[in-house]
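Chain by chain, the residues run as shown.
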Amino acid sequence: MRVRLEPSDEYMHPGPEPTFNESMYFNLYDPSAHLGGFVRIGNRPNEGHAEMTVCLYLPDGRVAFMFRRAEIDGNERFDAGGASFEVVEPFRTEGDGGGELRVAYGGKLVLLDQPLDMADPRQAFSDNPYGSASIDLTYQGIARPFGGEPEESHERPGEEFAKGHYEQLVRGGGTVTVEDQTWTVSGLGLRDHSWGPRTWQAPWYYRWLTMNFADGTGLMLSRIARPDGPGTRGGFVWDGRDLHVVRDVQLRTDWTGTGSYHSKVHATFSTGRDGDEGITRTVTGEVLNLIPLRNRREGRVTRISEGLTRWHLDRALGDDESATLGHGLSEYLDQIVDDEPVGLAE
């Protein structure tokens, strides 16, 4: 599939479709501070609002969280619900990709001793305390962006999720404050930028795994399932110098609790194609903390489980264990049918 991607794509795109979405997402984990999380803004200008999400996994096991549908009157910028993103310098198409972006938030977060409470968001927002918070982070790219906008449509009617989409491994740093505690953080993560028609009910289920390792390896693995076909499997590997396209991903998940949440992820991925053996490796993820989010539209319920995850990459000869230990997020989206997530078999 041929795709187009230019530095100008760092900025905003037009979209006449009723469900047009333009979003940016940034995640980060600092292993020394034991603090991580993500911030997302998804503009829906033709519906008159943006979806703003802040999620912080705090060192004491709590999750500080906020979701708002904030009114917007256009798609000129990412600035909604107390959060804002600024492109200081767009990415480059050569070298390490570069680029610099700033992420800021100021406002209240609900403080969850039991993050699974968010399975019932109305109750969770009512029963838990709130604290003031601020985020001021600067991100730089450490790998070339992956993705773009296909030259030909690749989405079936009713299954549109991201006409244009790219992702980039990043390093980030700055300050995070929750109530009276401030952390100076520095770590690795991933960001993405998407535009085009989107409903969260379009995929049957998906698995989106992001991870950075101490030896410089970075990964994104993706599995998107359809109810009536094989769906897609892919992603990329950054080895510190080159970006390799993942052609196949095989997943197995361990589930836990009455809500069937993912607790451990086993993945084998390969970059081989047309007789080229490429890279084949395995990675195992242990979910350290998880918050379930929910989206409802036209009577359908979608669950998006966000797991802070410690990853172990298989060790090559001579690797020490610390070099193949990493962190990131495991995002599991499932449609809920008969009170169960549809993707339990994988």
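Residues numbered from 1 in each chain as written. Predicted model: local features only at pLDDT ≥ 70, side-chain atom pairs only at ≥ 80, totals over all residues. Heavy atoms only, no water.

K.L.:
I'm lost on the overall build of the protein chain in this one. Help?
P.N.:
Counting secondary structure elements, the protein chain contains 1 helix and 22 strands. In terms of overall dimensions, the protein chain is globule-like: its C-alpha atoms have a radius of gyration of 19 Å, near the 20 Å expected for 346 residues. Each of the three principal axes of the protein chain carries a C-alpha extent, and together these read 55 × 45 × 45 Å. Residues counted as buried form 52% of the 346 residues belonging to the protein chain. Once local pairs closer than 6 in sequence are excluded, the contacts in the protein chain between residues at least 24 apart make up 59%. A total accessible area of about 15,500 Å² is found for the protein chain, and carbon and sulfur atoms account for 46% of it. Positive and negative side-chain charges in the protein chain, numbering 35 and 55 respectively, have mean positions lying 2 Å apart. (Helix = DSSP H or I, 4+ residues; strand = E, 2+ residues; numbered from the N terminus. Rg over C-alpha atoms; globule rule 2.2 N^0.38 Å. Buried < 20%, exposed > 50% of the residue type's maximum accessible area, 1.4 Å probe, protein only. Contact = heavy atoms within 4.5 Å. Areas by Shrake-Rupley, 256 points an atom, 1.4 Å probe, with all protein chains shown as cover. Lys, Arg positive; Asp, Glu negative; His and termini not counted. Charge placed at Lys NZ, Arg CZ, Asp CG, Glu CD.)

K.L.:
What should I look at first to understand the environment of G141 in this one?
P.N.:
Relative to the elements of secondary structure, G141 occurs in strand β9 (residues 130-141). Here G141 is in contact with D96, G98, G99, Q168, L169 and V170, once residues within four sequence places are set aside.

K.L.:
It is not clear to me how the nonpolar core should be interpreted in this structure. Could you clarify?
P.N.:
Across soluble globular proteins, you tend to see nonpolar side chains buried next to one another. L56 and V176 are the most contacted members of the largest nonpolar core, which has 35 residues in total. The element best represented in this core is strand β8 (residues 100-112), accounting for 5 residues. Residues within four places of V176 in sequence aside, it is in contact with L35, L56, S134, I135, L137, Q181, T182, W183 and V185. Listed in part, the 29 residues of the second largest apolar core include V63, F161, M220 and I291. (Core = buried A, V, L, I, M, F, W, Y, C linked by side-chain atoms within 4.5 Å.)

K.L.:
Honestly, the pattern of salt bridges in this entry has me stumped. Any pointers?
P.N.:
When the charged atoms of two side chains with opposite charge come close together, those side chains can pair. Taken as a whole and assessed by the stated rule, the structure comprises 19 salt bridges. Its salt-bridge partner being R2, residue E151 comes within 3.5 Å of it at the nearest N-O pair. Residue E151 is found in the loop between β10 (146-150) and β11 (164-178), and its partner R2 is found in the segment before β1 (3-4); the two are separated by 149 residues along the sequence. Neither E151 nor R2 differs from the other in exposure class; each is exposed. Of the charged contacts, one joins R233 and E346 as a salt bridge, the two residues approaching to 2.8 Å between their closest N and O atoms. Here R233, found in strand β15 (residues 229-238), pairs with E346, found in the segment after β22 (340-341); they are 113 residues apart in sequence, far enough to count as distant. Overall, R233 belongs to the partly exposed group, its relative accessible area being 27%. Shared partners join several salt bridges into a network, and the residues in it are R40, R44, E47, E51 and R297. (Salt bridge = Lys/Arg side-chain N within 4 Å of Asp/Glu carboxyl O.)

K.L.:
Could you clarify how one ought to interpret the packing of aromatic side chains in this entry?
P.N.:
Both the distance between ring centres and the angle between the ring planes are used here to describe each pair of aromatic rings. By the definition in use, this model includes 10 aromatic pairs. Residues F78 and F85 carry aromatic rings whose centres are separated by 5.9 Å and whose planes lie at 50 degrees to one another, so their mutual orientation is tilted. For the pair formed by F78 and F85, the shared burial category is buried. Between the aromatic rings of W255 and Y332, the centroid separation amounts to 5.8 Å while the plane-to-plane angle is 75 degrees, which identifies the pairing as edge-to-face. Placement of W255 in strand β17 (residues 248-256) and of Y332 in strand β21 (residues 325-337) is noted, with a sequence separation of 77 residues between them. (Phe/Tyr/Trp six-rings, centres within 6.5 Å; stacked < 30°, edge-to-face > 60°.)

K.L.:
I would appreciate a short explanation of unusual backbone geometry in the present structure.
P.N.:
Across residues other than glycine, the phi torsion is negative in most instances, and most of the peptide bonds are trans. One non-glycine residue, H34, adopts positive backbone phi at about 55 degrees. Among the secondary structure elements, H34 is positioned in the loop between β2 (20-30) and β3 (35-44). Positive phi is not limited to glycine here, since E298 has a value of about 50 degrees. Within the secondary structure, E298 sits in the loop between β19 (280-297) and β20 (300-313). Taking the relative accessible area as the measure of exposure, E298 reaches 78% and is therefore exposed.

Read these as geometric descriptors, not functional statements.
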